[in-house]
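Structural features, examined
Listed below are the residues making up each chain.
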Amino acid sequence: MTQRANASDVRCRQLDELLSTIAEKNNWSGNLLILEEGNPFYQNSIGMANRETAEKLSPDSVFELASVSKAFTAMGIMILQEQGKLDYSDKVDNFFPDFPYADITVENLLVHTSGLPDYMELFSHCWDKTKIATNQDILDQLQKHRPDVLFQPNEKYEYSNTGYALLASIVEHVADTPFADFLQKHIFQPLNMHNTRVYNRRYSPQLIQHYAYGYVYSAPSEAFVLPDESSEHDFVIHLDGIQGDGAVNSTLDDLRKWDRALYTEKLVKKETLEKAFSPVRLSDNSMSNYGYGWRLQEDQVTGKVVQHGGSWPGYRSWLRRYIGTDKTIIYLTNVDQEHQWTEKTLEAVENIIFERPYIIP
């Protein structure tokens with residue numbers, strides 16, 4: 001017992017050193033929670049939630065999750081499938097008769113095998129930037145401009161934000177209720193995730209306590225600024241009304257509740273979850289390691305990992321669940337860092353948890 005306690009103390013000290021070093025050297029600012037068998041093993045908050053008011057980050061800080069939101073969107077679809085209101089094999093043009101692409105299924109959207117063009121690229125050329133786009137605008141622009149598909153459905157895997165925005169539209173269409181309300185009623189409320197919501201800060205602003213504003217570094221002003229003030233990142237304004245591929249906002253403890261629920265049948269049956277955590281077979285018989293809203297990985301030391309990262313100007317988020325060993329990393333930051341650097345930080349965190357040698361990036 002004492003030996004285990006000492007090992008825990010050592011790991012906590014190593015994590016403290018890792019975070020304080022990267023905060024000092026790389027301006028890291030964020031919240032980290034590590035769970036072991038559902039219990040908080042380590043928690044830390046470093047940096048500012050609001051640089052204007054000097055409010056510090058705390059465990060209650062609410063972060064934009066970016067693409068970590070995709071797991072919630074996928075869960076919305078799984079709930080509707082269990083209710084018998086849709087099937088994974090349903091074609092997208094069944095829901096939207098004017099949809100200009102044939103033979104794309106709900107499952108293609110879930111596992112990124114649709115071949116749909118990227119809506120962000122389309123909007124960079126064809127959208128009036130004085131207006132804030134919504135999911136309906138994605139459908140309208142695809143119909144109007146009909147950009148070519150990248151490949152035929154199920155031919156290969158290519159990560160698609162367009163697909164997940166369309167899934168949110170399908171949830172709205174099938175449930176006949178706004179996407180945000182559907183997630184609130186069927187996921188956030190049942191799990192007592194009281195500080196979680198679908199939130200579009202510029203499209204429909206609200207006053208949210210302990211909101212963590214995301215910052216990007218501006219070379220001209222040599223300071224961290226809101227992405228709204230950076231010409232390089234101004235798309236955060238005109239794309240702010242889109243939901244499904246991002247836009248869920250949450251806290252450490254709410255994400256702990258979400259993690260725990262995924263070991264139970266509180267939301268959907270065990271078989272449904274197992275399907276969500278399983279790779280898919282492509283047309284050429286190769287396997288793609290993306291389930292329903294989760295990236296999948298098998299590791300000899302850590303066991304099966306289901307995870308997802310999120311990246312949007314000002315935010316990097318990561319939810320990494322080691323379901324073979326029941327450990328979880330919940331990583332939320334509100335200062336833009338390079339993707340590669342975030343991965344190296346997470347690698348160091350993982351190595352500390354599993355008591356392996358690690359390098360501070």
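Residues numbered from 1 in each chain as written. Predicted model: local features only at pLDDT ≥ 70, side-chain atom pairs only at ≥ 80, totals over all residues. Heavy atoms only, no water.

Focus on unusual backbone geometry
What counts, and what does not: The way it works is that DSSP assigns letters per residue, a run of H or I at least four long becomes a helix, a run of E at least two long becomes a strand, and they are numbered from the N terminus. Buried, partly exposed and exposed residues are distinguished by accessible area as a fraction of the type maximum, computed with a 1.4 Å probe on protein chains only: under 20%, between the cut-offs, and over 50%, respectively.
The backbone of glutamate 222 shows a phi angle near 50°, a positive value even though the residue is not glycine. Within the secondary structure layout, glutamate 222 lies in the loop between strand S7 (216–218) and strand S8 (223–225). We classify glutamate 222 as exposed; its relative accessible area is 63%. Its identity is not glycine, yet aspartate 326 carries a phi of approximately 55°, on the positive side. Within the secondary structure, aspartate 326 is located in the loop between strand S14 (315–322) and strand S15 (327–333). A relative accessible area of 18% places aspartate 326 in the buried class.

Some details on the nonpolar core
Let me state the cut-off plainly: To define a nonpolar core, start from buried Ala, Val, Leu, Ile, Met, Phe, Trp, Tyr and Cys residues and group those joined through side-chain atoms within 4.5 Å. The criterion used for residue contact is that any of the two residues' heavy atoms lie within 4.5 Å.
Residues Phe72, Met75, Phe99, Leu110, Ile187 and Trp258 are the most contacted members of the largest nonpolar core, which totals 81 residues. By residue number, the principal contributor to this core is helix H2 (residues 70–82), which donates eight residues. What leucine 110 contacts, discounting residues up to four positions off in sequence, is Ala74, Ile77, Tyr88, Tyr164, Leu167, Tyr290, Gly291, Tyr292 and Gly293.

Here we look at the sheet that holds S15
What counts is decided by this rule: Pairs of strands are assigned from DSSP output, requiring at least two bridges between the strands. Axes here mean lines fitted to C-alpha atoms, for a helix over just the part in contact, with angles spanning 0 to 180 degrees between N-to-C directions.
Strand order across the open sheet formed by six strands is S2-S1-S15-S14-S13-S12, with antiparallel pairing between neighbours. Each end of this open sheet is capped by a strand with a single partner; those strands are strand S2 (39–46) and strand S12 (295–299). The sheet shows a mean angle of 15° between the axes of neighbouring strands, taken without regard to direction. Where S12 lies against strand S13 (residues 303–312), five bridges are found, and the strand directions are antiparallel. Note on S13: the bridge partner recorded for arginine 295 is glutamine 307.

As for the sheet that holds strand S6 (residues 197–198)
Strand order in the open sheet formed by three strands is S5-S9-S6, with antiparallel pairing between adjacent strands. Every other strand in the sheet has two partners, leaving strand S5 (63–64) and S6 as the edge strands with one partner each. Looking at chain direction, S6 and strand S9 (residues 248–250) are connected through two bridges and run antiparallel. The residue of S9 that forms the bridge with valine 198 is valine 248.

Some thoughts on the pairing of S15
Burial runs high along S15: seven of the seven residues are buried. Along S15, one buried face is formed by Lys327, Ile329, Tyr331 and Thr333 and the opposite face, lined by Thr328, Ile330 and Leu332, is buried too. Inspection of the sheet shows strand S1 (residues 30–36) paired to S15 by seven bridges, in the antiparallel sense. Within S15, the position partnered with leucine 33 by the bridge is isoleucine 330.

Note that all results are geometric; they support no functional claim without further evidence.
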